[in-house]
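An overview of the molecular structure
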4 protein chains.
Amino acid sequence: MKSDNEIARSVELKKIKQVAESIGIPRDEVENYGRYIAKIPEHLVDEEKVKQSNLILVTAITATKAGIGKTTVSIGLALGLNKIGKKVIVALREPSLGPCFGMKGGAAGGGYAQVLPMEKINLHFTGDFHAITSAHNMISALLDNYIYQHQAEGFGLKEIIWRRVLDVNDRSLRSIVTGLGPRTNGVTLESGFDITPASEIMAILCLSKDIEDLRRRIENIILGFTYEDKPFTVKDLGIAGAITVLLKDAIHPNLVQTTEGTASFVHGGPFANIAHGCNSLLAIKMAMTFGDYVVTEAGFGADLGAEKFYNIKCHKSGLQPKLTVIVATA
Amino acid sequence: MKSDNEIARSVELKKIKQVAESIGIPRDEVENYGRYIAKIPEHLVDEEKVKQSNLILVTAITATKAGIGKTTVSIGLALGLNKIGKKVIVALREPSLGPCFGMKGGAAGGGYAQVLPMEKINLHFTGDFHAITSAHNMISALLDNYIYQHQAEGFGLKEIIWRRVLDVNDRSLRSIVTGLGPRTNGVTLESGFDITPASEIMAILCLSKDIEDLRRRIENIILGFTYEDKPFTVKDLGIAGAITVLLKDAIHPNLVQTTEGTASFVHGGPFANIAHGCNSLLAIKMAMTFGDYVVTEAGFGADLGAEKFYNIKCHKSGLQPKLTVIVATA
Amino acid sequence: MKSDNEIARSVELKKIKQVAESIGIPRDEVENYGRYIAKIPEHLVDEEKVKQSNLILVTAITATKAGIGKTTVSIGLALGLNKIGKKVIVALREPSLGPCFGMKGGAAGGGYAQVLPMEKINLHFTGDFHAITSAHNMISALLDNYIYQHQAEGFGLKEIIWRRVLDVNDRSLRSIVTGLGPRTNGVTLESGFDITPASEIMAILCLSKDIEDLRRRIENIILGFTYEDKPFTVKDLGIAGAITVLLKDAIHPNLVQTTEGTASFVHGGPFANIAHGCNSLLAIKMAMTFGDYVVTEAGFGADLGAEKFYNIKCHKSGLQPKLTVIVATA
Amino acid sequence: MKSDNEIARSVELKKIKQVAESIGIPRDEVENYGRYIAKIPEHLVDEEKVKQSNLILVTAITATKAGIGKTTVSIGLALGLNKIGKKVIVALREPSLGPCFGMKGGAAGGGYAQVLPMEKINLHFTGDFHAITSAHNMISALLDNYIYQHQAEGFGLKEIIWRRVLDVNDRSLRSIVTGLGPRTNGVTLESGFDITPASEIMAILCLSKDIEDLRRRIENIILGFTYEDKPFTVKDLGIAGAITVLLKDAIHPNLVQTTEGTASFVHGGPFANIAHGCNSLLAIKMAMTFGDYVVTEAGFGADLGAEKFYNIKCHKSGLQPKLTVIVATA
């Protein structure tokens, strides 16, 4: 039996422009990231077409330690629909570099039901997670600097709830003290790093309708509370515009292909335990704009992931799956 | 008078494949990152051609606070040589996101002597700095985890000299304590974050001849010292291969263009105060492979930057500038 | 109505040698600490006499915020028994400097039922708490130094449960990181300070039969656990003798007097929430050696303090109260 | 040859009241701390008698690692003067518990020229160092609490220069972070512990003329600086009275005796490297009140200790040694 890696390497990939063209995306709207990956600009989303497309959600009974195969089933289901002549597109989450690192396979399906190029998807991909990491930590840096610069005027926060993120599994960074050393190293504070999929920016980006909506959501991020118990937000820092600029490429859905050349949007990946656990709304809508059937998945088990898919993502966006598939391991 | 931004936006850019073709790079070797940026694979470097090309170094008297215009002069000189019919390529450093953020212009030249697309170059560009950040912090995480996992066997380091990096100016992260909280949060240690251009990975990547050389250099990184005062390296951690994989795209030089469409390699950016302060050796050699004249620059003043250019970069690589230009502000 | 302070100052105190003599303690066994306070050497305890004496325990229903008057009732009861011709001695806890500081009255009773000299008792008294603080922190220092000195040999503790103490209410010291700065500042660790009455040394000293018993108990203190999950004790540090020397005066009960000149032993004061919450066993036995009736008290409410008095102090020592008084506020 | 310890134990000590009487101190002014140690109240200092007494300073060439014998010479000189019929009193520093701990001999002279009871002097003595430790840390606690309580009003200090002290050599406490954990654990700050002889309270107590002078000096202690660069003092905290109360016994000089029964005042002990390095002014003046000749010493070598003795202690108090003895080891 061939390994996932061997299968991935044996596939001859189509150029991504071809894949795009095959579902009706105009060539000059395709932004290549190498030969086999592209970003498709969000302005191509067509709400009318979205309404006519059929959304299929894949969820699962409570997951086993090795995963339960939601992604593999999602891709496999798309390949099957494809085989019987349906115009189908897959819409999945981007994997995090942190937990993937060192594991074979990552989070891009398995066997003959993978999205490719697997290795690139599992490593830096189109840099979305890096952009989110930058945006998140830029807020942290500017928040701490704001406190440092306004101390003398009596400004302070009673509580800071904004931490930092890295797309690395680093147990030592979970709980830290910052701002040690000379005064110019800033105010001494407790902080910590979460993994990038746990960033609120990740959650926000995946729920945004467009770049203006993203900016509005960034402005509303609560960073902490003042001594009068009022929320202190990114808007109060006055940096929402700059942070949005850091995310202006990351917001566009990424196009790749399955082992059988099916178009697949792989975009966004908030954790299901702390956020809503699905890929980006824009990836779904882009897939629905260009496909009659769109297969997507929700993280973790149905009790958590599908529940959030329905009550957060569908509720906020008006989307409604026509079919829900529950994966079970016997 | 037009601002740098206005000039940058008024220029109609050539597709980067065209720019590549114009200097003799085969179309199918060009890895696009959007329309106007590409990575050119390092295997195209031709040592014979490098020998025949003419290297011109631009340095400066001690810099003013606003910079002294080395980059602008480098680009301008290339434009001039171009005008009189020479086949010239520019080879510059990549700017860091951290210090650039919020400033107009960044580190991509100015006026009618810029490298473009300025905004992309100044933001995430091709993700090289993000890849270096990931590789650096992955080592930090695996080092701390190694110490944590081997404590019970009596393993410990007398001194740890490996810190962490972020491409963000965050004064609060200069000096931190990590590993607080429950035992599973790891060993309590002092650490800190430098800015990504100060990463040893950045310096190493910029001095590497190819991916094998990069791997060898990564293996040799000293992370700390044992109680017997022996160096503890990345090789001892056994992770050099994995770290090199994280850098396999970052090692390839990035191709962009000047305001007049001249090919420009913008790749690598170690700080001159703590490292050698020049762009990557591969970018220089790639430029020399395809250009008769190559204009490059060294960071800071001549006493620091040019000195390091000659005594580190030239010494290690055998390169020899035919001409050195010293920029002075009257 | 006179304040506690005014009453305390209006009382003409007897010289403490006189008080001692009045209950049968030989003059030359009295160690003065100023005119009105003395230490009575532990060797005077006579187990035969202890058996014939009558112990009365004062406890309370759950305490109010301002205290419920156990100490005042204890002293008052002794004064009353005295009045009707009984030979009675009071045996109470020493107050902690930390929580007392700044409050009027402290923990030495109130009104016409106080132990005196109140101010001295509430401040440094005979230095018992200071000696316990020194002994406790000396162990902390020697433990950290042991770890520091034996690191190179692979020694380490999986878990350290020994903290530090100060007889000061300092919220900032509850949770700290130690060992920052250069390597010679020791190993970086999490620690914290409790208040001195919460020291295990305090609990131990109050349960010890004599100095040898104290030494034995000190040896058995568990400081942490090795990676093999074996306890690491003061005995392993090899410093029990030195620590016991620091406590050789502190172990002797302190003699003071009530507002009516009744002999009172005020000695030891572990908190009831984290330890057994009664004064020292030696103080009780010394009082029982020289008095027919001894009134003592247990901290907090009966459910906690009296329960511990019976199940820890009585259980360990064979003491048995003849009467228990429960103070209730209507 | 007998050890210092053996000699110390072989001496039959006089009761301290007798020693006091022998130099003219009234019996009822003597505050016993056990049989052989007493505090003599500061009000007995008589400035007229001070003027008529002869002060002898013992200093040394730069010290050897094992000390050079200033204390032993001081005591020996007094014994000699005594022998030839002079009324002489010794005035020395109190040893710190921290560095003494575990060493034989301590800082109380050696051979047949010791002050006794050596062991008590070297351990808790009359609790002066403990009282200074309490007073110092009470200020730290109240300062941090003040900052915590006034944060919401915009109060903050740009710089805090007040640390903490313990009379224990604990390398791990030199540099710490405090205030970790929940908000009620106070503000996160960098701090550290010095050894008690390095406390500013120690220096102040040793330079004070009386309790009022001590209180005035405590009020003036600078704890840090506001954002307007104004000093923030103990007076600003409003706690000078309470802190002075903690020191009301510590200010009185301690009387002990030499191996030959000579009266010796051993009181105060600031380090010479960070403070003025001599015993208390009150001890010197008390000795000069009751002795025709007073032998005292200054810490470290003459270049440091004697220099500070002349330029700080003598300058501030008007004292003037009639003779200076320089101890040299050949």
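This write-up is about the structure you can find in this document. (Residues numbered from 1 in each chain as written. Chains lettered and ligands numbered in written order. Predicted model: local features only at pLDDT ≥ 70, side-chain atom pairs only at ≥ 80, totals over all residues. Heavy atoms only, no water.)

The next subject is the overall build of chain A. Scanning chain A from terminus to terminus reveals 13 helices and 17 strands. Since a compact globule built from 330 residues should have a radius of gyration of about 20 Å, the 21 Å found for chain A is in line with a globular shape. Reported as C-alpha extents along the three principal axes, the dimensions of chain A are approximately 70 × 45 × 40 Å. Across the 330 residues that make up chain A, the buried fraction comes to 60%. (Helix = DSSP H or I, 4+ residues; strand = E, 2+ residues; numbered from the N terminus. Rg over C-alpha atoms; globule rule 2.2 N^0.38 Å. Buried < 20%, exposed > 50% of the residue type's maximum accessible area, 1.4 Å probe, protein only.)

Residues and elements named next belong to chain D. Interaxial distance between helix 7 (residues 128-150) and helix 8 (residues 200-207) falls to 9 Å at its minimum, and their mutual angle equals 125°. Taken together, helix 7 and helix 8 sit at an angle that is classed as oblique. Viewed along their axes, helix 7 and helix 8 form a crossing whose handedness is right-handed. Along the contact surface, helix 7 presents F129, I132, H136 and I139, while helix 8 presents E200, I201 and M202. A per-class count over the contact of helix 7 with helix 8 returns five nonpolar, one polar and one charged. (Axes fitted to C-alpha atoms, helices over the stretch in contact; angles between N-to-C directions. Parallel < 35°, antiparallel > 145°, perpendicular 65-115°, else oblique. Left-handed = near helix turned anticlockwise from the far one by under 90°. Contact = heavy atoms within 4.5 Å. Nonpolar A, V, L, I, M, F, W, Y, C, P; charged D, E, K, R; others polar.)

This part covers the packing of aromatic side chains. Counted by the stated rule, this structure contains 20 aromatic pairs over all chains. Judged by centre distance (6.1 Å) and plane angle (85°), the rings of F309(C) and Y310(C) are edge-to-face. Judged by its relative accessible area of 0%, F309(C) falls in the buried class. A network of ring pairs unites the aromatic residues Y146(A), F155(A) and F232(A) as a single cluster. (Phe/Tyr/Trp six-rings, centres within 6.5 Å; stacked < 30°, edge-to-face > 60°.)

Turning our attention to the interface of chain B and chain C. Taken together, the contact between chain B and chain C spans 14 residues of the former and 14 residues of the latter. Where chain B abuts chain C, roughly 1200 Å² becomes buried across the two surfaces, and 53% of that area is made up of carbon and sulfur atoms. Contact with chain C buries area across many residues of chain B, yet R183(B), E190(B) and Y227(B) alone supply 41% of it, more than any other trio. Our count for the contact surface shared by chain B and chain C stands at four residue pairs in polar contact (both at pLDDT 80 or more). Its residues placed into classes, the side of chain B that touches chain C shows five nonpolar, five polar and four charged. (Buried area = accessible area lost by both parts, 1.4 Å probe. Polar contact = N/O pair within 3.5 Å; in protein donor to acceptor, adjacent residues only side chain to side chain.)

When chain B is brought onto chain C, the operation consists of a screw motion whose angular component is 180° and whose axial shift is 0.1 Å, with 0.1 Å RMSD remaining. Seen this way, the second copy is the image of the first under a two-fold rotation axis. Measuring from the rotation axis to each C-alpha of chain B, the shortest distance belongs to G154(B), at 1.8 Å. Of the interface residues in chain B, 100% have counterparts in chain C that sit at the interface too, so the contact is made through matching surfaces. (Least-squares fit on C-alpha atoms with pLDDT ≥ 70 in both.)

Time to look at the interface of chain B and chain A. Taken together, the contact between chain B and chain A spans 52 residues of the former and 52 residues of the latter. Taken together, both faces of the contact between chain B and chain A bury some 4400 Å²; the carbon and sulfur share is 57%. The interface formed by chain B and chain A holds eight salt bridges in total. As a salt-bridge pair, E31(B) and R35(A) come within 2.9 Å of each other at their nearest N and O atoms. The interface formed by chain B and chain A holds 25 residue pairs in polar contact (both at pLDDT 80 or more) in total. At the level of elements, strand 1 (31-32), helix 6 (118-122), helix 7 (128-150), strand 8 (164-166), strand 9 (176-178) and helix 11 (240-246) of chain B are the ones that each hand at least two residues to the side of chain B that touches chain A. A total of twelve residues in the side of chain B that touches chain A trace back to one element, the largest contributor, which is helix 7 of chain B. Taken together, the residues of the side of chain B that touches chain A sort by class into 21 nonpolar, 18 polar and 13 charged. (Salt bridge = Lys/Arg side-chain N within 4 Å of Asp/Glu carboxyl O.)

In the structure shown here, the tally under the stated rule is 64 salt bridges over all chains. With a shortest N-O distance of 2.7 Å, D128(C) and K39(C) are connected by a salt bridge. With a gap of 89 residues between them, D128(C) in helix 7 (residues 128-150) and K39(C) in strand 2 (residues 38-39) connect regions that are remote in the sequence. Since its relative accessible area comes to 2%, D128(C) is described here as buried. For K39(C), a relative accessible area of 3% corresponds to the buried category. Between E48(C) and K51(C) there is a salt bridge whose closest N-O contact spans 3.4 Å. Of this pair, E48(C) and K51(C) both sit in helix 3 (residues 47-52), three residues apart, roughly one helical turn. Here the salt bridges do not stand alone but share partners, grouping E31(A), D249(A), R35(B) and K120(B) into one network.

Two cysteines whose sulfur atoms are joined by a covalent bond form what is called a disulfide. Within this structure, the stated rule accounts for zero disulfides over all chains. For C206(D), which is in no disulfide, the shortest distance to another cysteine sulfur is to C278(D) and amounts to 8.2 Å. (Disulfide = S-S within 2.5 Å.)

Residues and elements named next belong to chain D. The sheet built from three strands is open, its strands ordered 7-12-13 with antiparallel pairing. One side of each edge strand has no neighbouring strand; the edge strands of this open sheet are strand 7 (157-160) and strand 13 (231-233). This sheet shows a mean twist of 35° between the axes of neighbouring strands, independent of strand direction. Of the pairings in the sheet, the one linking strand 12 (residues 222-226) to strand 13 comprises three bridges and is antiparallel in character. Bridge pairing links G224 to F232 in strand 13. Each of strand 7, strand 12 and strand 13 is contacted by helix 7, which is oriented at about 160° to strand 7, the strand it contacts most. (Pairing = 2+ DSSP bridges.)

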